[in-house]
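Here's the letter readout for the chains.
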Amino acid sequence: MSACLLSTPLTFKLIISMKITDVYQREDAAQYLYQLLEERAPHVSISHKQMPTFAEHCEFMHGAPYVCWLLILTDVGDVAGAIYLSKRDEIGVALFKSYQGRGIGESAVKELIRLHPRRRFLANVNPANEASAGFFRKLGFKEIQRTYENAADQSQ
Ligand SMILES: CC(C)(COP(=O)(O)OP(=O)(O)OC[C@H]1O[C@@H](n2cnc3c(N)ncnc32)[C@H](O)[C@@H]1OP(=O)(O)O)[C@@H](O)C(=O)NCCC(=O)NCCS
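Please read all numbers here as calculations on a predicted model, not as lab measurements. (Residues numbered from 1 in each chain as written. Predicted model: local features only at pLDDT ≥ 70, side-chain atom pairs only at ≥ 80, totals over all residues.)

Asks: For this particular structure, what's the right way to read unusual backbone geometry?
Replies: A negative phi holds for most residues other than glycine; trans holds for most peptide bonds. Of note, Ala-64 is a non-glycine position whose phi angle comes to about 45 degrees, a positive value. Exposure remark for Ala-64: the 10 C-beta atoms within 10 Å place this residue in the exposed category. Even without being glycine, Asp-89 reaches a positive phi, approximately 65 degrees. Note on placement: Asp-89 falls in the loop between strand E3 (79-86) and strand E4 (91-95). On the neighbour-count criterion, Asp-89 (14 C-beta atoms within 10 Å) is partly exposed. (Buried ≥ 20, exposed ≤ 12 C-beta atoms within 10 Å, placed from the backbone. Helix = DSSP H or I, 4+ residues; strand = E, 2+ residues; numbered from the N terminus.)

Asks: Would you mind showing me how to read the nonpolar core here?
Replies: One recurring pattern in soluble globular proteins: nonpolar side chains tend to sit buried together. Formed by 19 residues in total, the largest nonpolar core has its most connected members in Ile-72, Ala-82, Ile-83 and Ala-108. Mapped by element, the contributors of at least two residues to this core are strand E2 (66-74), E3, E4 and helix H3 (104-115). Counting residues per element, this core draws most heavily on E3, at 5 residues. Apart from residues lying up to four places away in sequence, Ile-72 is in contact with Met-18, Ile-20, Ala-80, Gly-81, Ala-82, Ile-83, Leu-95, Ile-104 and Ala-108. (Core = buried A, V, L, I, M, F, W, Y, C linked by C-beta atoms within 7 Å. Contact = placed C-beta atoms within 7 Å.)

Asks: Just checking my understanding: could you explain the site of the ligand for this structure?
Replies: Taken together, 21 residues lie around the ligand, and Gln-100, Gly-105, Glu-106, Ala-131 and Gly-134 are the ones closest in. When residues of the shell around the ligand are traced back to their parent elements, those giving at least two are E4, H3 and helix H4 (130-138). Among the elements that take part in the shell around the ligand, H4 stands out by supplying 5 residues, more than any other. Classifying every residue of the shell around the ligand gives 8 nonpolar, 9 polar and 4 charged. (Near = placed C-beta within 6 Å. Nonpolar A, V, L, I, M, F, W, Y, C, P; charged D, E, K, R; others polar.)

Asks: Help me understand the environment of Leu-73 in this model?
Replies: Examined against the element boundaries, Leu-73 turns out to sit in strand E2. Of the residues examined, Leu-73 has 19 C-beta atoms within 10 Å and is grouped as partly exposed. Beyond its immediate sequence surroundings of up to four residues, Leu-73 is in contact with Met-18, Lys-19, Ile-20, Thr-21, Asp-78, Val-79 and Ala-80.

Asks: Would you mind showing me how to read the pairing of E3 here?
Replies: Each regular strand displays side chains that alternate between the two surfaces of the sheet. Among the 8 residues of E3, 6 are classified as buried, and the element is accordingly described as predominantly covered. Pairing between E2 and E3: 7 bridges, direction antiparallel. Bridge pairing links Ile-72 to Gly-81 in E3. The antiparallel pairing of E2 with E3 creates a hairpin that spans 4 residues between the two strands, and Gly-77 there sits at a positive phi of about 95 degrees. Where E3 meets E4, 5 bridges bridge the pair, whose relative direction is antiparallel. (Pairing = 2+ DSSP bridges.)

Laid out in structure tokens, this is it:
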């Protein structure tokens, strides 16, 4: 009898299904969105160089800055992350670490695109965020520009 060994390990991606709800329909949405900001590594974000206070964050939310802003929920209703579509057709998506890599981000972007069809969509990706670049490439996005910045150091 001979034993057979697999030289490459089989890896399975555990897919979790998701649903979405408008952030303005949930009283606790501001807290979840703020936690997502807190969890974000600095290299992940282009828009937030400094963490806003919770009051600043709430003021931003109440200004209804996006065409749509949705909480992403798991099938059992846990908040996994959030996604928005800006007035310039930019998609922004972020998941809590514990929900990343399970297909939720991909499903959420596809659902947003289905609900809000546009001629084209954009995604602004920090060049240091390879995971996000790979994510958007998988969804059919192509790199169209690199933007350089020369900004005063606001930490002084
Ligand atoms: C980027 C992010 C939204 C992706 O969502 P996700 O649910 O983790 O990703 P999915 O499981 O749906 O993966 C879909 C595809 O994206 C690509 N991808 C996902 N994570 C990746 C990683 N870390 N590196 C490279 N590619 C990655 C893969 O091609 C993957 O498909 P595959 O597993 O079949 O190969 C999520 O990881 C996240 O919130 N990261 C932190 C915040 C952030 O970077 N947001 C983007 C700024 S706009």
